[in-house]
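Reading the structure
Single-letter residue listing:
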Amino acid sequence: MTTPSSGAGMSKEAWLYAPECLDAASDDFGHLIRRRPAAVCRPGSAPDVAAAVRRAAEQGMPVAARGQGHSVYGRAQAEDGLVIDMSDLNAVHAVEADRVTVGGGATWRSVLDATLPHGLTPPVLTDYLDLSVGGTVSAGGLGGMTFRHGFQSCNVIELEVVTGEGEVVTCSASAHPELFDAVRGGLSQYGIITRAVLRLVRAPERVRLHTLSYPDHRAMTADQRRLLSTDRVDFLQGTIRPGRQCVVEVGVGHSADSPPDDEETLAGLSDLRDRAERVDLPYLELFLRLSKLENHLRAAGTWHHPHPWLHSFVPDAAADGLAAELLADVTQEDLGEFGRILLYPIRPGRVSSPLVRLPEGEVAFLCSLVCFPADDPLLVGRLVKTNRAVYDRIRAIGGHLYPVSAVALTRAGWKDHYGPLWPAVEHAKARFDPRHLLTPGQGMFAE
Ligand SMILES: Cc1cc2nc3c(=O)[nH]c(=O)nc-3n(C[C@H](O)[C@H](O)[C@H](O)COP(=O)(O)OP(=O)(O)OC[C@H]3O[C@@H](n4cnc5c(N)ncnc54)[C@H](O)[C@@H]3O)c2cc1C
């Protein structure tokens, strides 16, 4: 089963015990959960990762890979275990016409930096590029192009993975497909991604971005459904700022010398047209908007506040009702000045990562509470409790968690999350990580 691997093979498997290394690995972007590992290592190749996993196994230690540490609920932490910092496995190899090979610790920003000069892009990008390929492919990874192309995990051609047995395996739709299907969107329970071959498509030079305002969320989702059904845009999202604003963001890619026909893009929409805004951006800029907010919040000293974010997928028919309930319960003050509710449609049929849980039906909505609250433990504790209540509501209406959220699930909760897929999940765990070493932060197999 062992295959040639990435990396030059120079051993970098030394374990680090310095307090500052352990402190850093005990925290994440959420600042909600702190679990201290016994050791951290920073491998330089897949064999290094495999050796580290095997050594941890000998000592019975849990193991978590850490990409960019942008989890919000301790998912890359391993109490008394080993945290494998993937940041040196960040190579971006030669760009080919339809693919690029990258290390599992590479960021999407570094991927784009390499592909855009060739006029190419991954089909789906997240709203923030400083996330690692391994971190998002193992969760799913979605954004404003997901309605058309699925998740990032659906746009992977091949993966090199270190299993919980410490074996290096190259998998794809045709080689070791069970591992390939388990790892993509599998929440890091079956293997650590050390290398990924990512699909590429032509990148538009520019994007015309329309920001359309609505009097309420029902008018907003009605237009999103309209846009989805006519498939006339390349990027589609929507956000609500409670009591303030409901907006749809619509992007159309184009070349510098042939701008799109705005009338065609906006035909039949019911937005408050006198409030519509339009900008023309270089393609890359579309994905730097959250980084600009990051710079602002860093300058204000608030980027390091806790982030109890919740992300979910809800059935089309329940989306408007859920949004109404959220708007009755959650205020802009709760979410913080820059917080928002994300609400936009995706097509479950375009998602080909079997372990990503989505509602049935042709259309589903991403519904997220993205907050930037004050650093106030009482408020943050209340928001985490709200997440739980909202999640219970989401389950009741046939929705699913996007498990990059600040919601704790027990084994029973995971069983409910996976529903009919739970036996396949248990089977994959028994096959690829029989000692249950990998990624304890999800609590998926905890007794
Ligand atoms: C500002 C911000 C914006 C975001 N925007 C989006 C968005 O637009 N769309 C979206 O889908 N998500 C988004 N997310 C969520 C994000 O995709 C997940 O939290 C992701 O897991 C973070 O990646 P990371 O590299 O920081 O991973 P980490 O936090 O380091 O790890 C996350 C999980 O992945 C595992 N992991 C890390 N590396 C690997 C690897 N190489 N192989 C296997 N498992 C690994 C870890 O063990 C952990 O369980 C956002 C998060 C933040 C903080």
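Residues numbered from 1 in each chain as written. Predicted model: local features only at pLDDT ≥ 70, side-chain atom pairs only at ≥ 80, totals over all residues. Heavy atoms only, no water.

This part takes up the pattern of salt bridges. All told, the structure shown has 31 salt bridges when counted by the stated rule. Here Arg206 ties to Asp280 by a salt bridge, and the two come within 3.3 Å at their closest N and O atoms. Of this pair, Arg206 sits in strand β12 (residues 206–214) while Asp280 is found in strand β15 (residues 277–282), placing the two residues 74 residues apart along the sequence. Three or more residues are tied together by salt bridges with common partners; here these are Arg206, Arg208, Asp262, Arg278 and Asp280. (Salt bridge = Lys/Arg side-chain N within 4 Å of Asp/Glu carboxyl O. Helix = DSSP H or I, 4+ residues; strand = E, 2+ residues; numbered from the N terminus.)

Turning next to the packing of helix α7 (residues 217–230) against helix α10 (residues 316–329). What describes two packed helices is the angle between their axes and the distance between those same axes. Two elements in contact, α7 and α10, have axes whose closest approach is 10 Å; the angle formed by their N-to-C orientations is 155°. Viewed along their axes, α7 and α10 adopt a mutual orientation that is roughly antiparallel. The hand of the α7/α10 crossing is right-handed. Along the contact surface, α7 presents His217, Arg218, Thr221 and Arg225, while α10 presents Asp316, Ala319, Asp320, Gly321, Ala323, Ala324 and Leu327. Among the residues forming the contact of α7 with α10, the class breakdown is four nonpolar, three polar and four charged. (Axes fitted to C-alpha atoms, helices over the stretch in contact; angles between N-to-C directions. Parallel < 35°, antiparallel > 145°, perpendicular 65-115°, else oblique. Left-handed = near helix turned anticlockwise from the far one by under 90°. Contact = heavy atoms within 4.5 Å. Nonpolar A, V, L, I, M, F, W, Y, C, P; charged D, E, K, R; others polar.)

So, about the site of the ligand. Around the ligand, 32 residues are found, and the nearest of them are Ala65, Gly67, Ser71, Ser132 and Tyr402. One of the backbone nitrogen or oxygen atoms of Asp127 is found 2.7 Å away from an oxygen atom of the ligand. In the environment of the ligand, an oxygen atom lies 3.0 Å from a nitrogen or oxygen atom belonging to the backbone of Gly135. Relative to its unbound accessible area of 960 Å², the ligand is 96% covered by the protein chains. Mapped onto the shell around the ligand, the elements with two or more residues apiece are β3 (63–66), α4 (133–137) and β10 (191–199). Among the residues making up the shell around the ligand, the classes are represented as 13 nonpolar, 16 polar and three charged. (Near = heavy atom within 4 Å. Polar contact = N/O pair within 3.5 Å; in protein donor to acceptor, adjacent residues only side chain to side chain. Areas by Shrake-Rupley, 256 points an atom, 1.4 Å probe, with all protein chains shown as cover.)

Quick look at unusual backbone geometry now. Notably, Asp80 is not glycine yet its phi reads approximately 60°, a positive angle. Tracing the backbone through its elements, the reader meets Asp80 in the loop between β3 and β4 (82–85). One non-glycine residue, Ser188, adopts positive backbone phi at about 65°. If you trace the backbone, Ser188 turns up in the loop between α6 (177–183) and β10. Exposure remark for Ser188: the relative accessible area of 23% places this residue in the partly exposed category. (Buried < 20%, exposed > 50% of the residue type's maximum accessible area, 1.4 Å probe, protein only.)

If you trace the four strands from one edge of the open sheet to the other, you get β1-β2-β4-β3, paired in mixed fashion. At either margin of the open sheet sits one strand with a lone partner, and together these are β1 (15–16) and β3. Pairing geometry for β3 and β4, over four bridges, is parallel. Across the sheet, the residue bridging to Ala65 is Ile84, located in β4. (Pairing = 2+ DSSP bridges.)

The subject of this paragraph is the sheet that holds strand β6 (residues 99–103). Across the sheet, five strands lie side by side as β5-β6-β10-β8-β9; this open sheet has antiparallel pairing. Among the strands making up the open sheet, the edge pair consists of β5 (92–95) and β9 (168–172). Sheet twist, expressed as the average angle between the axes of neighbouring strands with direction ignored, equals 20°. Those strands touched by helix α2 (residues 46–58) are β8 (156–163), β9 and β10, and its axis lies near 40° from that of β8.

We now examine the pairing of β9. The element β9 is largely enclosed, with a buried count of five among its five residues. The side-chain alternation of β9 yields two buried faces, one formed by Val168, Thr170 and Ser172 and the other by Val169 and Cys171. Pairing between β8 and β9: five bridges, direction antiparallel. Among the inter-strand pairings, Val162 is bridged to a residue of β9, identified as Val168. Following β8, the chain reverses through four residues before pairing antiparallel with β9; Gly166 in that reversal takes a positive phi of roughly 75°.

All right, on to helix α3 (residues 108–115) then. Along α3, the positions that sit buried rather than exposed are Trp108, Val111, Leu112 and Thr115. Projection of α3 onto a plane perpendicular to its axis shows the buried side chains occupying an angular sector of 95°, all on one side. Turning to α3, the residues buried within the fold contact β5, β6, β7 (120–121), α4 and β10. (Arc of directions from axis to C-beta.)

Time to look at the packing of aromatic side chains. The description of two aromatic rings rests on the distance between their centres and on the angle between their planes. Summed over the entire model, instances satisfying the criterion amount to 13 aromatic pairs. Here the aromatic rings of Phe235 and Phe287 are separated by 6.4 Å at their centres, their planes lie at 70°, and the arrangement is edge-to-face. Remark: Phe287 occurs in the loop between β15 and α9 (289–300) and Phe235 occurs in strand β13 (residues 235–241); sequence separation between them is 52 residues. For the pair Phe235 and Phe287, a shared accessibility class is recorded, and that class is buried. Put simply, the rings of Phe29, Tyr128, Trp303, Trp309 and Phe372 pair up and form one aromatic cluster. Seen from the ring of Trp15, Arg55 lies directly overhead, with NZ or CZ sitting 3.9 Å from the centre. (Phe/Tyr/Trp six-rings, centres within 6.5 Å; stacked < 30°, edge-to-face > 60°. Lys NZ or Arg CZ within 6 Å of the ring centre and 35° of its normal.)

Geometric descriptors of this kind do not, in isolation, establish any biological role.
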